[in-house]
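Residue-level listing of the chains:
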Amino acid sequence: MTAQPTREVLSGARAEPGVGRAPVGVAVVGAGYWGPNLVRNFGAHPECDLRWVCDMDAERARQTVGRSSTVGATDSLDQVLADATVEAVAIATPAGTHLDVAMACFAAGKHVLIEKPLAPSVEEAKLLVDAAADRGLTLMCDHTYCYTPSVRAIRDLVARGELGDVQYFDSVRINLGLVQPDVDVFWDLAPHDLSILDFVLPEGCEPVAVAAQGADPIGAGKACVGYLTLPLRGGAIAHVHVNWLSPTKIRTTIIGGSRRMVVWDDLNPSQRVSIYDKGVDRIEHPDDDSETRRQALISYRSGAMTAPALGEGEALQGVVGELVASIREQRTPLTDGASGLRVLQMLEAASRSLAQDGATVPLEDYH
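Anyway, here's the lowdown on the structure attached to this text.

Conventions used here
Residues numbered from 1 in each chain as written. Predicted model: local features only at pLDDT ≥ 70, side-chain atom pairs only at ≥ 80, totals over all residues. Heavy atoms only, no water. Pairing = 2+ DSSP bridges. Helix = DSSP H or I, 4+ residues; strand = E, 2+ residues; numbered from the N terminus. Contact = heavy atoms within 4.5 Å. Axes fitted to C-alpha atoms, helices over the stretch in contact; angles between N-to-C directions. Buried < 20%, exposed > 50% of the residue type's maximum accessible area, 1.4 Å probe, protein only. Patch = residues over 30% accessible without salt bridge, like charges linked within 9 Å, V, L, I, M, F, W, Y side chains within 5 Å. Areas by Shrake-Rupley, 256 points an atom, 1.4 Å probe, with all protein chains shown as cover. Salt bridge = Lys/Arg side-chain N within 4 Å of Asp/Glu carboxyl O. Nonpolar A, V, L, I, M, F, W, Y, C, P; charged D, E, K, R; others polar.

### Details of the sheet that holds strand β9 (residues 225–231)
Inference 1: Read across the sheet, 9 strands follow the order β14-β13-β12-β11-β7-β10-β9-β8-β15 without closing on themselves; strand pairing throughout is mixed. Each edge of the open sheet is held by one strand with a lone partner, namely β14 (297–306) and β15 (361–362).
Inference 2: Here 8 bridges tie strand β13 (residues 273–283) to β14, and the two strands are oriented antiparallel to one another. Considered in β14, the bridge of Lys-278 is made with Ser-302.
Inference 3: Those strands touched by helix α11 (residues 337–355) are β8 (209–215), β9 and β15, and its axis lies near 55 degrees from that of β8.

### Examining unusual backbone geometry
Inference 1: Here the amide bond leading from Lys-116 into Pro-117 is cis, since omega sits at -5 degrees, within 30 degrees of zero.
Inference 2: If you trace the backbone, Pro-117 turns up in the loop between β5 (111–115) and α6 (122–135).
Inference 3: In this structure, Gln-330 is a non-glycine residue whose phi angle is positive, near 55 degrees.
Inference 4: On the secondary structure map, Gln-330 appears in the loop between α10 (315–328) and α11.
Inference 5: Here Gln-330 falls in the exposed class, since its relative accessible area comes to 73%.
Inference 6: Of note, Asp-357 is a non-glycine position whose phi angle comes to about 60 degrees, a positive value.

### A look at a nonpolar patch on the surface
Inference 1: A cluster of nonpolar side chains, contributed by Val-280, Ile-298 and Tyr-300, occupies part of the molecular surface with about 340 Å² of accessible area.
Inference 2: Here Tyr-300 lies in strand β14.
Inference 3: Classification of Tyr-300 as exposed rests on a relative accessible area of 65%.

### Comments concerning the packing of helix α7 (residues 149–159) against helix α8 (residues 185–200)
Inference 1: Two numbers describe how α7 lies on α8: the axes approach to 9 Å, and their chain directions differ by 35 degrees. Facing Val-151, Arg-152, Ile-154, Arg-155 and Val-158 of α7, the residues of α8 in contact are Ile-196, Phe-199 and Val-200.
Inference 2: Here the residues of the contact of α7 with α8 sort into 6 nonpolar, no polar and 2 charged.

Pasting the structure below:
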C-alpha cells in the first residue's frame, strides 16, 4: 500500500498554478479506444500543453487531434521522444506493447502515465517500476476509478478512521457485457475493483492471498462469471464478484468498519456514497471463564444514514491533475507503478487459483 496522503491530497485540492510556471508538455501514444479521452483531458487541463498524438495509423492520430489543431500528429514515436518540450508521455496502446514503449520513454528522460493494466505480466511490470526508479522518473498507472469524487471520499473516510477498523470489502461489478476475445472476466472487470481495494485500504490491511472461482456456462472457453476472495492482513476479508452474463448492471461496493459502514453505488448519481452509523458489537460476559465467553452477547447498532454532497467531475481530469502535481512536486503519484504492480500480482494469483480449482494462492511478494 502507498503511504496515506494528506487531507488536501485526498480531497482533490491542489495548489493554484504557479505564476509564470510553464505547463507540462505532454504526448499521447495510442489513439484507439482510450487515447481520445486522454487527448481531450490533457487538452482541457490548464497546466498541460498537449504537444503530440502518436499512433501507428497516422490518419487516426490526425483525426483525433482535429484538422485545425496545432497539436502534432505522427506515427513516429522517435519523433515524439526527440521533442525536448515533451516532459511526459501517456501510453494508451495494447498492454503487450507497454514495456517497449515505456522503456523508450524512460530512455529519453520522459515521465510516463500508462493505461491499465500496467503490463500484461508481473514480470514486465517489475521491469517498468525498476526502470522508473533507477532514472528518477514518474511512473503512474491510470486507475481511473480512484480519481472519482466518490472513491476519493471513501479513501478519506478510511484514512481518518471514521469507519473504524475495516472488517470487510465487498464489491459487485456485473452486467450483460461483451465477452472479450483475449481475456477472462477477471482480467476484464476485476482490475477496477482491485485497484479501488488497493487505493482505499489502510496500511496493515493488505490482501495476503487470493482464491478464485469461475464458471463458463456459455462455452466461451474462459470464465464469464467469477468470484474472488482475498483474506486481508489483520483478519478482515475482501470479496469481488464479476459477471458478463447478468441481466442487470450493478456497480456497488460496501466497506464495513467497526464504527460505520459505507456503500458506493456508482449508478446512482443523486446519492453515490451513503454512510451508515450501523454495526454489530460483541459484548463479552463479565466472567472471564472460557465457558461463559462462549455465551457472548451480540449488540446491534442502528444509527442514522448520511449522504455527503459530492461534486460530479470527470475522473480523468483528476488523473491528469495528479500526474502534473507528482511531476511538479517530485513526489510519488497516488496510483504509482507499484500500485499497478500490486493489481497485477492479484490478477496473476487469481489465474493460478483458477487453474488449481479455487485453491488459495498466497501473495508472497505483495509489498
